[in-house]
Amino acid sequence: MDTTDCCDGSDEYASGAACPTGECQRRMQSFQAERADQLRALEDGQRDRRQLMERAKKLLDEAEASAKELEARAEQLRAQLEQLEARAAEEERLEAEERDRQVADKQDVLLRQLGLDQLTQRQLATLVLDMARSRIANSDDTVSLIRSAREQAAAGTEEQSLKDPTQMDDSASAYKKREDTRRRETKRIEREIESRRKKKEQREKEAEEARAKAEAEGAEVPTPEPAPAEEEEEEPKLPEEEAHPLDVLLDALAESKGFSRAETTAAREARDEVEKQLSTEEKSLEDAKNLLFKSYGPDNVFLALKDECVESAGGAYKYKICFFGKATQDHTSLGTMKDLPSETDETEKDQEDVDPYRLEFTQGTKCWNGPHRSLTVDVVCGPLPMELYEVEEPSTCVYKGKLRAPLACDEQHRAKIMAPPADVARAAAATPPHHIEFEVPAVF
Ligand code: MAN
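This write-up is about the structure you can find in this document. (Residues numbered from 1 in each chain as written. Predicted model: local features only at pLDDT ≥ 70, side-chain atom pairs only at ≥ 80, totals over all residues. Heavy atoms only, no water.)

### Quick look at the sheet that holds strand β3 (residues 326-329)
Put simply, the test is: A pair of strands counts as paired when DSSP detects no fewer than two bridges linking them. The secondary structure listing takes helices from DSSP runs of H or I that are at least 4 residues long and strands from runs of E that are at least 2 residues long, numbered from the N terminus. Here an axis means a line fitted to C-alpha atoms, over the contact stretch when the element is a helix, while the angle between two N-to-C directions is reported on a 0 to 180 degree scale.
Overall, mixed pairing links the 8 strands, which are arranged β1-β2-β3-β4-β5-β6-β8-β7 in an open sheet. The open sheet has two edge strands, β1 (309-311) and β7 (387-395), and neither has a second partner. The average undirected angle you get between the axes of adjacent strands in this sheet is 20 degrees. Looking at chain direction, β3 and strand β4 (residues 332-337) are connected through 4 bridges and run antiparallel. Note that in β4 the partner of Gln-329 across the bridge is Thr-332.

### Remarks on helix α8 (residues 411-418)
Basically, it comes down to this: The cut-offs for exposure are 20% and 50% of the maximum accessible area for each residue type, with area from a 1.4 Å probe on protein chains only; residues under the lower value are buried, those over the upper are exposed, and the others partly exposed. Taking the helix axis as origin, the arc is that swept by the directions to the C-beta atoms. The criterion used for residue contact is that any of the two residues' heavy atoms lie within 4.5 Å.
Among the residues of α8, those classed as buried are Arg-414, Ile-417 and Met-418. The buried residues of α8 occupy an angular sector of 95 degrees when projected down its axis, which confines them to one face. The outward face of α8, more than 90 degrees from its buried face, is lined by the exposed residues Gln-412 and Lys-416. Of the surrounding elements, those touching the buried residues of α8 are α1 (23-114).

### Concerning the packing of α1 against helix α7 (residues 262-293)
We apply this condition: Geometric relationships in this document are graded by angle, where less than 35 degrees denotes roughly parallel, more than 145 denotes roughly antiparallel, 65 to 115 denotes roughly perpendicular, and other angles denote oblique. In this scheme the crossing of two helices becomes right-handed for a clockwise turn of the near helix relative to the far one and left-handed for an anticlockwise turn of less than a right angle. In this classification, Asp, Glu, Lys and Arg are treated as charged, Ala, Val, Leu, Ile, Met, Phe, Trp, Tyr, Cys and Pro as nonpolar, and every other residue, Gly included, as polar.
One way to put it is that α1 packs onto α7 with a least axis distance of 7 Å and a crossing angle of 160 degrees. Taken together, the axes of α1 and α7 are roughly antiparallel relative to one another. In the crossing of α1 with α7, the sense of the turn from one axis to the other is left-handed. Split by residue class, the contact of α1 with α7 holds 17 nonpolar, 5 polar and 16 charged.

### Overview of the site of the ligand
Spelled out, the test is: Throughout, the term near means that a residue has one or more heavy atoms lying within 4 Å of the molecule or strand in question. Distance and chemistry together define a polar contact, namely a pair of N or O atoms within 3.5 Å, with one atom able to donate a hydrogen and the other to accept it when in protein, and with adjacent residues in sequence counting only for side-chain atoms on both sides. Calculation of accessible area relied on Shrake-Rupley with a 1.4 Å probe; when residues are assessed, cover is drawn exclusively from the protein chains displayed.
In the neighbourhood of the ligand, the contacting residues comprise Tyr-317, Gln-329, Cys-367, Arg-373, Glu-393, Thr-396, Cys-397 and Tyr-399. Taking Tyr-317, its side chain carries an N or O atom lying 3.5 Å from an oxygen atom of the ligand. At 2.6 Å, a side-chain N or O of Glu-393 approaches an oxygen atom of the ligand. Contact with the protein chains hides 64% of the accessible area of the ligand, taken as 310 Å² for the molecule alone. Classifying every residue of the shell around the ligand by side-chain character gives 4 nonpolar, 2 polar and 2 charged.

### Here we look at the state of the cysteines
By definition, a disulfide is the covalent link that joins the sulfur atoms of two cysteine residues. The following threshold applies: A pair of cysteine sulfur atoms is labelled a disulfide when the two atoms are within 2.5 Å.
Scanning all chains against the criterion turns up 3 disulfides. Residue pairing for Cys-367: its cysteine sulfur links by disulfide to Cys-397, the two sulfurs lying 2.1 Å apart. Negative torsions about the S-S bond denote left-handed disulfides, and the value of about 65 degrees found for Cys-367 with Cys-397 makes this one right-handed. Taken together, the residues span a long stretch of sequence, with Cys-367 in the loop between β5 (358-362) and β6 (374-381) and Cys-397 in the loop between β7 and β8 (398-405) at a distance of 30 residues. Assigned by exposure class, Cys-367 and Cys-397 land together as buried. Through a disulfide, Cys-381 is tied to Cys-409; the S-S separation comes to 2.1 Å.

### Section: the layout of surface pockets
Keep this limit in mind: Cavities and pockets are defined on a 1 Å grid built over the protein atoms alone: a cavity is a set of grid points where a 1.4 Å probe fits but cannot escape, while a pocket is an open set with protein on both sides within 12 Å along at least five of seven lines, and lining residues are those with an atom within 4 Å of any such point. Grid points are joined across faces, edges and corners, and a volume is the space filled by probe spheres set on the points.
For the second largest pocket, the calculated volume is near 500 Å³. Considering the residues around the second largest pocket, the lining is formed by 23 residues, among which Asp-355, Pro-356, Tyr-357, Asp-410 and Gln-412 are closest to the centre. For the lining of the second largest pocket, the leading source of residues is α8, giving 4 residues. Looking at the lining of the second largest pocket, its residues break down into 10 nonpolar, 6 polar and 7 charged.

### Let's talk about the packing of aromatic side chains
For the record, the criterion: Any two of the Phe, Tyr and Trp rings considered here, Trp counted by its six-membered ring, make a pair once their centres fall within 6.5 Å; the pair's planes then place it as stacked at under 30 degrees, edge-to-face at over 60, or tilted in between.
Scanning all chains against the criterion turns up 5 aromatic pairs. Seen from their ring centres, Tyr-296 and Phe-324 are 5.3 Å apart, and the 65 degrees between their planes marks the pair as edge-to-face. Separated by 28 residues along the polypeptide, Tyr-296 in the loop between α7 and β1 and Phe-324 in the loop between β2 (319-322) and β3 bring together distant segments of the chain. Accessibility expressed as a relative area gives 17% for Phe-324, which makes it buried. Pairing Tyr-319 with Tyr-399 gives two aromatic rings, centres 6.1 Å apart and planes at 55 degrees, and the pair type is tilted. Taken together, the residues span a long stretch of sequence, with Tyr-319 in strand β2 and Tyr-399 in strand β8 at a distance of 80 residues.

As structure tokens, then:
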């Protein structure tokens, strides 16, 4: 039944039935009571919203100050890094120079001692091929192969020095002699150790037999003979192995290739350290800038709640939303919060259509045979504490809900409350009402 016309001055319903006495007044009272509740919630909400605005402002000011500080520090580090890079490059040049010099020195020693410096390019190339062909396994073979290369070279020339043994030939043959002695000595000592071991074993065996025998005969167990002095002596040491003289020189060459200067290492470390610091600083700066350039809704109120979460109470599932974070249904993801629409966003064609108090979470866990889960939350005005309620699933894996929070308690909301209900407004527009009420919005 349409009761609108009861208050439009005609005193009867559209059907022609008379309006009950006081109907218009009763409706007005219930409308006023409802509006008074809404206004109370609005006023409490506005008080909390003002606090959120203050907090948001403080956070933005802090972020701005910290971005400035970070920028200045990054600038300083960039200048410092430039200097350190130049120094490290110079130190590295000096290191490479010194390394090349040392390598060349060691190579010269080898070439001279092996007599390779007297061979022509062709003779050296032939030697390389011979070496590759004979799959040289040790330094002795290398020295012999070079020796035969020199002998071959000497055959076609008067050059006497090619026939002479090289310094390496001499040291290699002296080494060989020492090696022979060492091997002999090693064998002798090994034999001695073995004989000592056997004697000891024998003596222990005899003592054990004597003990067992005495025990069997019930006689007194004899005290074992003390170990002979020889057994008490320290075991003779095997002579130490000696490196082949060619290996000694090759090792020195290898070492020179790994040459490093302490100054270069220090310069490199100082540069790397500042580079690391700068990258950390730049990352923080980027974070601070991202925070500053993001949209936080009207009066930036959403910033005050960054990283805060609200959970629903009761219901088959527990829903949870985190501002600028994720939404979940128990342990299932309902997505990540999309950026809030920016007030200056030119791409938003019709800003009027954009609800500044709507949170959208998208790209949640994929629904079996359906879309990725998503949740849309409409913020309705109310004081703290916030409440997440009426979460529904209008179509599979597409969720919507409401959040009562001070965020939406702004002046537009007040204007909405103060506006007459749609049917009254329609009636008022059609015929002059016989009862007009004004409400003056509170001024803050
Ligand atoms: C889970 C929940 C439900 C959803 C189904 C779809 O049970 O996320 O909300 O409808 O998966 O399979």
